[in-house]
Amino acid sequence: MIRAALGQRAIPVAILALIWLLPLCTAAQAAAPEPPWPAAVSEFKSLLADLVALDTTNPPGNELAAARRLKLLFDQEGIPCTVYESAPGRGNLVARLKGSGKKRPLLFLAHLDVVGVEKDKWASDPFQMAERDGALYGRGVIDDKGMAAGCALTLVWLHRAKVPLDRDVIFLAEADEESGSTVGVDWMQEHHAADIAAEYAINEGGATELEQGRVRYLGLQTSQKRFVNYTVTATGTAGHSSMPPPDNAIVALARALPKIAAPLPARLTPTTREFFRGVAEIQTPAVRAVMEQLEDSTRLEEAAKVVEKLPGMETVLRSTVVPTILKAGSRSNVIPGSAEATVNARLLPGTDPEVVRAELERRAGEPGVKVTFKPYNRPEPPHSDFAGPVVEAARRIAARLFPGAPVVPIMSSGATDSGTLRAAGMQAYGIDPFPLEAADAGRMHGNDERLPLKSIEPGLRLLYGIAREVAAR
Ligand SMILES: [Zn+2]
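Because the structure is predicted, anything quoted here is derived from the model rather than measured.

So, the overall build of the chain
- Scanning the chain for helices and strands turns up 15 helices and 19 strands.
- Rg of the C-alpha trace for the chain: 25 Å, near the compact-globule value of 23 Å for 473 residues, within the 12% margin.
- Counting only C-alpha atoms and orienting by the principal axes, one finds that the chain spans roughly 90 × 55 × 45 Å.
- The contacts in the chain between residues at least 6 apart in sequence include a share of 78% that link residues at least 24 apart.
- Taking the average location of the 53 positive side-chain charges in the chain and that of its 56 negative ones, the two points are 1 Å from each other.

Here is the structure:
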């Protein structure tokens, strides 16, 4: 099946490579030329179709086939690359364009695995990319195979154009992002850290928000919440259900949970403070005024309640806690001696999980209810600076591609692999290159995932532009 897919695609890719070279042969050695974008978009679609056709649903993953497809591309282009099999069938690929070494490398990261599909709910086969209604449909087109194809081709295009580089440009296509990255970037960091070491990194996790066909803002993810599972345990007297004692563990847990799950206090972090300053300018005067109140500690709570009703801002201002698992009892006539809930917390950067634990236990207010958690064995990764060459490049490119859209730092509520990169000392930025309406962004992990055709060229220009501006001499 893999061979068939490769065979079908090999010729078009070769032809595209030739088309590509024509303008370069005739053009003067202009400073850092741009790819011929219509041909570049076709090449992207062809590569993306191949990646989508390789089912990398995780579990089990099988990303090795997708890593080998990318290796074929890099081999054809003469770009050095290595595939690492981190576990049977699990593949990570590292490709590297050499620079002069004057500056430390720039790393692009994308994941090759995808989440599962409910095939019967899709209008077409999720693993055969289809073009209709002005969009490409297929599992992974926006998460994250579109990014993978765009990053891979960014290296290819820099290489074909012979752009002189002051730093290496590395591409890591990783396995396992959707299930914790144990055999993906974490494994690479543990076993081959030198091969992916970089000063700056570009990963998924940003926001290029489209509204009525215009990009409102370009969000670069510079920090993320951290997740902690708290275990809430209630204890009581066990016994026969015909003789109920007053201290029932299930009842105590049920009383405690609503108090535990109530909202925690609102707080601005360095990232979200700058985010609100940046996006305030594109709001209505009324919303802008409320966003400005967030900076006044006496009005923060009141303003937060308004801001949290805006789409996309629901979880920006607080750490969140939510019960996700309940365990109690085994027989209908036996009163259990204990009842347990798992409460999943997403903590704002700079939050001490022990302080939250103590607060949750205080809120429970029940002598028989205890809250525990397993402390981290690693310190919290720092946030990336919202300054420096990546941010400056993004600003310049956004001014050309998306006039009027501010570039702002964002904090993710979910965990991304940028945490691993930051812990390794890199300045990592989450960028979602392809502009998406909220409804399309919402198809990520859902049915009929799609990438609008109109978003492809700006996304590719953004990735290529950042690589060129950050790495070229
Ligand atoms: Zn993803």
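Now that the structure has been shown, we can carry on.
Some details on the nonpolar core
- Residues L70, F74, F108 and F171 are the most contacted members of the largest nonpolar core, which totals 74 residues.
- Among the elements that make up this core, the one with the highest residue count is helix α4 (residues 145–160) (10 residues).
- Those residues within four positions of L70 in sequence are excluded, and the remaining contacts are L47, L51, L93, L112, A152, F171 and A173.
- If you look at the next biggest cluster of nonpolar residues, it comprises 23 residues, including A249, L257, L360 and V371.

A short note on the sheet that holds strand β5 (residues 135–137)
- Within the open sheet, the 3 strands sit side by side as β4-β5-β19. Their pairing is antiparallel. Only two strands of the sheet have a single partner each, and these edge strands are β4 (130–132) and β19 (450–452). Each neighbouring strand pair of the sheet contributes to a mean axis angle of 25°, computed without reference to strand direction.
- As judged from the 3 bridges shared by β4 and β5, these two strands associate in the antiparallel manner. Each residue of the ladder has a partner; that of E131, found in β5, is L136.
- Contacting β4, β5 and β19, helix α15 (residues 453–471) runs over the sheet at an angle of about 75° to β19.

Topic: the coordination of the zinc ion
- Every protein donor of the zinc ion is listed here as H111 (NE2), D143 (OD), E204 (OE) and E204 (OE), and their distances to the metal cover 1.8 to 2.8 Å.
- Taken together, the 4 donor atoms surrounding the zinc ion define angles of 50 to 154° at the centre, an arrangement classified as irregular.
- In primary-sequence terms, the residues that donate to the zinc ion follow H-x31-D-x60-E. Taken together, the residues H111 in strand β3 (residues 106–111) and D143 in the loop between β5 and α4 connect sequence positions 32 residues apart.
- Residue H111 is classed as buried on the basis of its relative accessible area of 1%.
- Given the relative accessible area of 5%, D143 is considered buried.

Things to note about the environment of P353
- Here P353 lies in helix α11 (residues 353–364).
- Overall, P353 belongs to the buried group, its relative accessible area being 12%.
- Along the sequence, P353 and R473 sit 120 residues apart, while their C-alpha atoms lie 44 Å from each other.
- Sequence-distant contacts of P353, that is, excluding residues within four places in its chain, are made with V228, Y230, L347, F373 and Y376.

As for the packing of helix α2 (residues 37–53) against α4
- The interhelical angle for the contact between α2 and α4, taken along N-to-C directions, is 135°, at an axis separation of 9 Å. By the criterion of interaxial angle, the relationship of α2 to α4 is oblique. Along this stretch, α2 crosses α4, giving a crossing that reads as right-handed. Along its contact with α2, which presents W37, A40, E43, F44, L47, L48, L51 and V52, the element α4 presents K145, G146, A148, A149, G150, A152, L153, W157 and R160.
- Per-class residue counts for the contact of α2 with α4 are 12 nonpolar, 2 polar and 3 charged.

Here we look at the packing of α4 against α15
- At a minimum axis separation of 9 Å, α4 and α15 run at an interaxial angle of 50°. Regarding the angle of α4 to α15, the classification is oblique. Of the two possible hands of crossing, α4 and α15 adopt the one that is right-handed. Where α4 approaches α15, its residues M147, G150, C151, T154, W157 and L158 are matched on the opposing element by L460, L463, Y464, A467 and R468.
- Here the contact of α4 with α15 is built from residues that sort into 8 nonpolar, 2 polar and 1 charged.

A short note on the side chain of S455
- Examined against the element boundaries, S455 turns out to sit in helix α15.
- Leaving out residues up to four positions away in the same chain, S455 has contacts with L210, F434 and P435.

Conventions and cut-offs
Residues numbered from 1 in each chain as written. Predicted model: local features only at pLDDT ≥ 70, side-chain atom pairs only at ≥ 80, totals over all residues. Heavy atoms only, no water. Helix = DSSP H or I, 4+ residues; strand = E, 2+ residues; numbered from the N terminus. Rg over C-alpha atoms; globule rule 2.2 N^0.38 Å. Contact = heavy atoms within 4.5 Å. Lys, Arg positive; Asp, Glu negative; His and termini not counted. Charge placed at Lys NZ, Arg CZ, Asp CG, Glu CD. Core = buried A, V, L, I, M, F, W, Y, C linked by side-chain atoms within 4.5 Å. Buried < 20%, exposed > 50% of the residue type's maximum accessible area, 1.4 Å probe, protein only. Pairing = 2+ DSSP bridges. Axes fitted to C-alpha atoms, helices over the stretch in contact; angles between N-to-C directions. Donors = N, O, S within 2.8 Å, 3.2 Å for Na, K, Ca; no water. Tetrahedral: all angles 85-135°; square planar, octahedral: opposite > 155°, others 65-115°. Parallel < 35°, antiparallel > 145°, perpendicular 65-115°, else oblique. Left-handed = near helix turned anticlockwise from the far one by under 90°. Nonpolar A, V, L, I, M, F, W, Y, C, P; charged D, E, K, R; others polar.

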